[in-house]
Amino acid sequence: MPDSNENSLNSETVIAHISDLHISNNAFDDEIFLEVVNQINDLCPDMVIVTGDLTDHGYYSEFLKAKEYFSMIQFPLFAVPGNHDARNVGYEIFEELIGERSWVLTKDDDLTVIGMDSSGPDIDRGHIGRPQQLWMENELNKSLKNSNFSIVAMHHHVIPVPKTGRERNVLSDAGDILQSLIDHDVNMVICGHKHVPHLWRMENTLFVNAGSVSSIKLRGKDKNSYNTYHIRPDHIDVILNNINDEKIFLGKFNRI
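Here the structure is a predicted model, which means the values were calculated and not measured.

**Notes on the sheet that holds strand 1 (residues 13–18)**
Here six strands make up an open sheet; going across it, the order is 3-2-1-10-11-12 and the pairing mixed. Strands at the two margins of the open sheet, each flanked by one partner only, are strand 3 (77–80) and strand 12 (247–254). On average, adjacent strands in this sheet sit at an angle of 20 degrees to one another, irrespective of strand direction. Here five bridges tie strand 1 to strand 10 (residues 225–231), and the two strands are oriented antiparallel to one another. Bridging across to strand 10, Val 14 finds its partner in His 230.

**Regarding the pairing of strand 4 (residues 103–107)**
Across the two faces of strand 4 the burial differs, with Trp 103, Leu 105 and Lys 107 buried and Val 104 and Thr 106 not buried at all. Bridging between strand 4 and strand 5 (residues 111–115) involves five bridges; their strand directions are antiparallel. If you follow Lys 107 over to strand 5, its bridge partner there is Leu 111. Hairpin connection from strand 4 to strand 5: three residues lie between these consecutive antiparallel strands, with Asp 108 at a positive phi of about 55 degrees.

**Digging into the side chain of Asn 209**
Inspection of the secondary structure assignment puts Asn 209 in strand 9 (residues 205–209). In this view, Asn 209 contacts His 157, Val 161, Cys 191, Gly 192, Val 196, Pro 197, His 198 and Asn 227; residues no more than four positions away in its chain are not counted.

**Examining unusual backbone geometry**
Most peptide bonds take the trans form, and the phi angle of most residues other than glycine is negative. Notably, Asp 53 is not glycine yet its phi reads approximately 55 degrees, a positive angle. One can find Asp 53 in the loop between strand 2 (47–51) and helix 2 (60–70). What makes Asp 53 buried here is its relative accessible area of 1%. One non-glycine residue, Asp 109, lies in positive phi territory at about 55 degrees. Relative to the helices and strands, Asp 109 resides in the loop between strand 4 and strand 5. Residue class for Asp 109 comes out exposed when judged on its relative accessible area of 66%.

**Regarding the UniProt feature "domain: Calcineurin-like phosphoesterase" (unreviewed entry) in the chain**
Per the UniProt entry, the sites bearing "domain: Calcineurin-like phosphoesterase" (unreviewed entry) are residues 15–197 in this numbering. With 32% helix and 17% strand, residues 15–197 has its two end C-alpha atoms placed 16 Å apart.

**Details of the pairing of strand 8 (residues 198–202)**
Judged from the five bridges that link them, strand 8 and strand 9 form a sheet pairing that is antiparallel. Of the residues in strand 9, the one forming a bridge with His 198 is Asn 209. Remark: two residues form the turn of the hairpin made by strand 8 and strand 9, two consecutive strands paired antiparallel; Glu 203 in that turn has positive phi of roughly 55 degrees.

**Thoughts on the confidence of the model for the chain**
The predicted model of the chain averages 92 in pLDDT, with 95% of residues at 70 or higher. Throughout residues 1–9 the model reports pLDDT below 50, and contacts reaching past four residues in sequence, or to other chains, amount to 26 contacts.

**Description of the packing of helix 4 (residues 130–145) against helix 5 (residues 174–183)**
Their axes nearest at 10 Å, the elements helix 4 and helix 5 cross at an angle of 5 degrees. Viewed along their axes, helix 4 and helix 5 adopt a mutual orientation that is roughly parallel. Counted together, Gln 133, Met 136 and Glu 137 of helix 4 and Asp 176, Ile 177, Ser 180 and Leu 181 of helix 5 form the full contact between these two elements. Looking at side-chain class alone, the contact of helix 4 with helix 5 contains three nonpolar, two polar and two charged residues.

**With respect to the side chain of His 184**
Summarising the element assignment, His 184 is placed in the loop between helix 5 and strand 7 (188–191). Contacts of His 184, omitting those with residues within four sequence positions, involve Glu 137, Leu 140, Asn 141 and Leu 144.

**Remarks on the environment of Ile 151**
Summarising the element assignment, Ile 151 is placed in strand 6 (residues 149–153). For Ile 151 and Ile 114, which are 37 residues apart along the polypeptide, the C-alpha to C-alpha distance reads 6.3 Å.

**Here's the deal with the pattern of salt bridges**
Using the criterion set out here, one finds eleven salt bridges in the structure. The partner of Lys 107 in a salt bridge is Asp 108, with the nearest N and O atoms 2.6 Å apart. Of the two residues, Lys 107 and Asp 108, neither departs from the other in class, the shared state being buried. Here Lys 223 ties to Glu 246 by a salt bridge, and the two come within 3.5 Å at their closest N and O atoms. With Lys 223 in the loop between strand 9 and strand 10 and Glu 246 in the loop between strand 11 (235–242) and strand 12, this pair connects stretches of sequence that are 23 residues apart. The class for Lys 223 is partly exposed, based on a relative accessible area of 40%.

Rules used in this analysis
- Think of each chain on its own: its residues are numbered from 1, step by step along the sequence as written.
- Local features in this predicted model are restricted to residues whose pLDDT is 70 or higher, and side-chain atom pairs enter the listing and the counts only when it is 80 or higher, whereas totals over whole chains, interfaces and linings include all residues.
- Excluding hydrogens and water, the side-chain figures rest on all heavy atoms present in the structure.
- Should DSSP find at least two bridges between two strands, the strands are regarded as paired.
- Numbering goes from the N terminus for both helices and strands, where a helix is a DSSP run of H or I of at least four residues and a strand is a run of E of at least two.
- Between N-to-C directions, angles span 0 to 180 degrees; the directions come from axes that are lines fitted to C-alpha atoms, helices contributing only their stretch in contact.
- When a residue's accessible area, from a 1.4 Å probe over protein chains only, is under 20% of the maximum for its type it is buried; when over 50% it is exposed; and in between it is partly exposed.
- Whether two residues are in contact is decided by their heavy atoms: any pair within 4.5 Å suffices.
- UniProt positions are given in the numbering used here, feature names are shortened, and annotations may be inferred rather than shown by experiment.
- Across the chain, each position has a pLDDT score giving the predictor's confidence in that residue, from 0 to 100.
- By the definition adopted for this analysis, an angle is roughly parallel if under 35 degrees, roughly antiparallel if over 145, roughly perpendicular if from 65 to 115, and oblique otherwise.
- Gly is put with the polar residues, along with every residue not named as nonpolar or charged; the nonpolar set is Ala, Val, Leu, Ile, Met, Phe, Trp, Tyr, Cys and Pro, and the charged set is Asp, Glu, Lys and Arg.
- We count a salt bridge whenever a side-chain nitrogen from Lys or Arg sits within 4 Å of a carboxyl oxygen from Asp or Glu.

Rendered as structure tokens:
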């Protein structure tokens, strides 16, 4: 990963956030994803974060395709699994072909990103669990000590998302996780799962959901999309990118 003063948060850090590819024979639009690859490579982000459901069934062949598609992205990419990835022993294949299911990274000693595995084998609901929560809190304590900008990435949403129907798949331990995130002054929490882009602000934390980047499983008139975050010394720009090149400015937020 780049490690120069020119790329530090004293200037700007750009993150592309994609989610819910659902690679399969019948739920995935490869032409759309290849267009997204081109857009991301043109953007030249500092990193790409994928918040789960890379595959539709967790099959080995689907993960092989995911690895192939990700190799086309020319910038550092980090992914967490979704509930679809944990099907059919996919949680093991994820670690073999994609990487660790939970991870932490720092950039230029000014940014901390924590990836959390909220999936469970063959279940749709999300769960973090006490051991992973304690690990997250320990990493966030380090981030606070260093005054880093902090991002937590997971598949399942912590706060219900409007226009997504009856709520049934929010984290089963959402209250405990939400309390930890707020208590540790996390700057951003980024998720996927519902295929609907949305942004909440609670206290000083932004909760940003990404839509589906390449799945045909869309709600109403929603379009395939992904998010980009421009983190500057004094503020954050959050942008929704529809695949037809329409960009929607979701907000400019001062850094606290």
